[in-house]
Amino acid sequence: MSVSRRTLLAGAAGAAVAPMARAFPEIMIRSEIKPVVISSGNGNIFKNGGTETCVQKAYRLMMSGEDVLDSLIEGVNILELDPLETSVGYGGIPNAEGVVQLDSCCMHGPKKWAGGVACLEGIRTPSKVAREVARQTDHHLIVGKGAQEFARGLGFTIEDDLNTPHSRSVWQEWKRRTDPDHYLDPKKRGEDSLRVALEMVSEGIIDPLHVYGTINCDGINAKGEICGVTTTSGLAFKIPGRVGDSPILGAGLYVDQEVGAAGSTGRGEANLYGLCSFLIVEELRRGLHPKDAGISALKRVARNTIEKRLLTKEGHPNFGLQFYVLDAKGRHAGVTMSGGAGYAVCDDNGPRIEPCEALFH
Ligand code: GLY
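Rules used in this analysis
- Residues numbered from 1 in each chain as written.
- Predicted model: local features only at pLDDT ≥ 70, side-chain atom pairs only at ≥ 80, totals over all residues.
- Heavy atoms only, no water.
- Phe/Tyr/Trp six-rings, centres within 6.5 Å; stacked < 30°, edge-to-face > 60°.
- Helix = DSSP H or I, 4+ residues; strand = E, 2+ residues; numbered from the N terminus.
- Buried < 20%, exposed > 50% of the residue type's maximum accessible area, 1.4 Å probe, protein only.
- Lys NZ or Arg CZ within 6 Å of the ring centre and 35° of its normal.
- Expected span 1.5 Å × (residues − 1).
- Arc of directions from axis to C-beta.
- Pairing = 2+ DSSP bridges.
- Axes fitted to C-alpha atoms, helices over the stretch in contact; angles between N-to-C directions.
- Contact = heavy atoms within 4.5 Å.

1. With respect to the packing of aromatic side chains
Inspection of the entire model under this criterion finds 2 aromatic pairs. Seen from their ring centres, Tyr 254 and Phe 278 are 5.0 Å apart, and the 80° between their planes marks the pair as edge-to-face. One end of the pair, Tyr 254, is in strand β7 (residues 253-256); the other, Phe 278, is in helix α11 (residues 276-285), with 24 residues separating them in the sequence. Look at Phe 278 and you get partly exposed, because its relative accessible area is 35%. Lying across the ring of Trp 113, Lys 111 places its NZ or CZ 4.6 Å from the centre. Directly above the ring of Phe 319 sits Arg 267, whose terminal nitrogen or CZ lies 5.4 Å from the centroid.

Set out below in structure tokens:
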């Protein structure tokens, strides 16, 4: 019988693999991979009026043979298009001037593609534009008007305003409470804007996870192909033009086909300072389990956080930051700066939320 290596690897999840594996040891290695899609917790909540969540759809497409990155992007598109998800895409909480500005990047492990967009206005699905940057250009990051014109040239629909009535009313309430144009002291103005955002969280006007909300989604198929995507509307009420960690390769996402993938949600500034997704993948390369690699990055962030305004009275970082980590064997973890968060998983046991490991309890 003539069986190509490609056929053997593609069938690694099937019943015929065991006898083959005795004859071909490399099949044993490949068959250890358990296909899985992971994401931030919102990836198993929002359905945009449909029947599937992000991880569910991405896993189903991936298992039907679709390209891993295409499957993940189809998954995160659900959140980008869902008006109820106010931290990603259409209806994301706008910047300080009331404009929704979106950031995204993606990486394709086997193809070694990477692409990102930042400060993109008027397009509901920035992850799709990020993929076109990777697919069609020699560049890795296109921002602002240039990114919008790039997308227009490819036929993307450009809308005047991505606010929903809800996101606009949240912004109007923030504006009413802060009235930043009348603060003369820039320091006080900065403090006031954060204080008001947190006050609005405590009053239930903004979901706490949506101040810095984002979705990161990573997957590995039976052939061991690893990809990832991150997409966000960024920090609520940010200074126009502010770019967080999400579209930055090595910060909001990093994928190395030989090693694994990592991505983040939470306070982008803390992650950008340490390029933690790159750091986590390098920790995986040293042989760490995904959970330990993620905790190692959180410890680095905690060590680098020394400003009083960013610390609890116990001296721990007072902001949320999570990492989602997947290694080349399909092992995965979610880690969080402090307790309570979960991350979404979909494998042959179906979609679910699993607890993140917390650095501080
Ligand atoms: N992590 C999302 C942001 O900070 O923009």
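2. Some points on helix α8 (residues 165-178)
Between its first and last C-alpha, α8 extends 20 Å over 14 residues, near the 20 Å set by a 1.5 Å rise per residue. For α8, the complete set of buried residues consists of Ser 167, Val 170, Trp 171, Glu 173, Trp 174 and Thr 178. Along the long axis of α8, the arc covered by the buried residues comes to 160°, so they all point the same way. Opposite its buried face, α8 presents the exposed residues Pro 165 and Arg 176, each directed more than 90 degrees away.

3. Quick look at the sheet that holds strand β1 (residues 36-40)
Ordered in space as β4-β3-β2-β6-β5-β1-β11-β12, the 8 strands form an open sheet in which the pairing is mixed. Looking at which strands have only one partner, the edges of the open sheet turn out to be β4 (141-143) and β12 (350-355). Across this sheet, the average inter-strand angle for adjacent strands is 10°, counted without regard to direction. As paired strands, strand β2 (residues 102-108) and strand β6 (residues 226-232) are joined by 6 bridges and run antiparallel to one another. Paired with Cys 106 across the strands is Val 229, a residue of β6. Running over the sheet, helix α5 (residues 68-81) touches β1, β2, β5 (215-220) and β6 and is turned about 20° from β6. Contacting β2, β3 (113-120), β4 and β6, helix α6 (residues 126-136) crosses the sheet at an angle of about 135° to β3.

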